[in-house]
2 protein chains.
Amino acid sequence: MMTDTVQLSTKERILDCALTLFSEQGYDAASVAQIAEAVGIKPPSLYKHFKSKQEIFTALLDVMKNRYDVLEKSMHLNGTDALKDASRYEHMPDDELISIGKRLFSFFLHDSYTSRFRKMLTIEQYRNKALAQLYIQQYIDSALEYQKTLFTALAAAKNLHITDPETTAIQFYAPIFMLLSLCYADFSREQESLDRLEKHIRQFIKLYT
Amino acid sequence: MMTDTVQLSTKERILDCALTLFSEQGYDAASVAQIAEAVGIKPPSLYKHFKSKQEIFTALLDVMKNRYDVLEKSMHLNGTDALKDASRYEHMPDDELISIGKRLFSFFLHDSYTSRFRKMLTIEQYRNKALAQLYIQQYIDSALEYQKTLFTALAAAKNLHITDPETTAIQFYAPIFMLLSLCYADFSREQESLDRLEKHIRQFIKLYT
DNA sequence: GTCTATAAGAAGATAGAC
DNA sequence: GTCTATCTTCTTATAGAC
């Protein structure tokens, strides 16, 4: 993983700076000159590493697609298998579920790559269908699928009244999705959102038990 | 209201076309030439109506700010007073609440102005703080505030166990927010989202009664 | 692999005729 | 209020020296 290496190659630094600028301004508004300046080179040097501006963007999407497992890693749970994870939740006290929810939330908000990727896809999603599908898949579908599998497993546990795991997944995850959207737009509202998140999970547990 | 007039002035048509292009491509990617072509005039003619491209954008934001009441109007409820609206809900059968939720959802998705404004703000929100605040206010804060007031009133009704109206508002509204985000990215998933929305509201009512 | 110089084109915007 | 012609600046990208 890039962020683990101490020294980044020029190619990697270009991707890193481009990601920052694309996520703040969008692909079109961020110029090659800005990227080059952020890297500390002149614009022509950039073309020794990438054929075009578009190729930088495509390379970023490739990196993004290869980071599917970020969600699970961030939760320190087993790989991508929600069924395995479920056994951890079954006998988990409420406070630990809240702690996990908050850690997940904070990770999505503060992990440099995750947050910049999300912002970039958010503001580029309407430009073409492939980007829209990637946005949906990364931030809605895969998250819901994971939660759905999890709640399907939890439905077997005696103290949770889950009859429709998909709806339960939506009701658990949607507030996280919305509060993240809020904090990406205004970082100063993180603490307030964490409080709301905790209240949501507490109430969610109460409603389903 | 613009959409009510049969004939639009050139100035209005410029705003209309600009809104479409800004909402699909973003401010920077949509060129003045594209806007002019969509209107059916040459780029220089456009400058007789607006001093600059930026002024078109600013004018659109002004229109947007003057449409606060759209949510309430779309629900065919009384103005902006959630407390008044609450009396309608108190003795409302579940199916009617679902119908209202779906109509609200469809309105946000299909009303031409509402949907284009939302897309535009979504993809422009990270470019400056004022846009971010407008995004938050329009699509999160004001909606939550409305729902909160509503659920505060509904808490008084005997058959709803609402102890924390703010959390309840988040739990009711967040799925709508998320499913709308999904459908704005991919219109073909509207029916699936309407089904999910209905299941959510049904389950929501069941959980809180 | 970096630079300077520069091309080729598109962008926002203006002048002035009609 | 529209047009053609034009200006200036910025943008992506290339050529070629070091």
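The coordinates are above.
In this text the structure is predicted, and so the values were computed from the model without any measurement. (Residues numbered from 1 in each chain as written. Chains lettered and ligands numbered in written order. Predicted model: local features only at pLDDT ≥ 70, side-chain atom pairs only at ≥ 80, totals over all residues. Heavy atoms only, no water.)

Scanning chain A from N- to C-terminus turns up eleven helices and zero strands. Seen in sequence order, chain A has helices and strands lined up from the N terminus as α-α-α-α-α-α-α-α-α-α-α. Per-residue burial for chain A yields a buried fraction of 53% across its 209 residues. Residue pairs at least 24 apart in sequence account for 67% of intrachain contacts in chain A once pairs closer than 6 positions are excluded. Accessible area for chain A stands at about 9500 Å²; split by element, carbon and sulfur atoms hold 52% of it. (Helix = DSSP H or I, 4+ residues; strand = E, 2+ residues; numbered from the N terminus. Buried < 20%, exposed > 50% of the residue type's maximum accessible area, 1.4 Å probe, protein only. Contact = heavy atoms within 4.5 Å. Areas by Shrake-Rupley, 256 points an atom, 1.4 Å probe, with all protein chains shown as cover.)

Here we come to the protein's contact with DNA strand D. In the vicinity of DNA strand D lie 14 residues, with Lys53(A), Lys42(B), Ser45(B), Lys48(B) and His49(B) positioned nearest. The protein-proximal atoms of DNA strand D, defined as those within 4 Å of the protein, are 57% sugar or phosphate. At 3.3 Å from a phosphate oxygen of DNA strand D is found a side-chain nitrogen or oxygen belonging to Thr10(B). Here Ser45(B) contributes a side-chain N or O atom positioned 2.7 Å from a phosphate oxygen of DNA strand D. Each residue belonging to the surface near DNA strand D can be placed in one class, and the counts come to six nonpolar, five polar and three charged. (Near = heavy atom within 4 Å. Polar contact = N/O pair within 3.5 Å; in protein donor to acceptor, adjacent residues only side chain to side chain. Nonpolar A, V, L, I, M, F, W, Y, C, P; charged D, E, K, R; others polar.)

Moving on: the interface of chain B and chain A. With 43 residues of chain B at the contact, the number on the chain A side is 43 residues. For the pairing of chain B and chain A, the buried interface totals around 4000 Å² over both sides, and the portion due to carbon and sulfur atoms is 62%. Connecting chain B to chain A are four salt bridges. One salt bridge in this structure joins Arg196(B) and Glu166(A), with 3.2 Å as the shortest N-O distance. Elements that contribute at least two residues to the side of chain B that touches chain A include exactly helix 1 (10-25), helix 8 (112-124), helix 9 (129-155), helix 10 (165-185) and helix 11 (190-208) of chain B. Counting residues per element, the side of chain B that touches chain A draws most heavily on helix 10 of chain B, which supplies 14 residues. Looking at the side of chain B that touches chain A residue by residue, the class counts come to 20 nonpolar, twelve polar and eleven charged. (Buried area = accessible area lost by both parts, 1.4 Å probe. Salt bridge = Lys/Arg side-chain N within 4 Å of Asp/Glu carboxyl O.)

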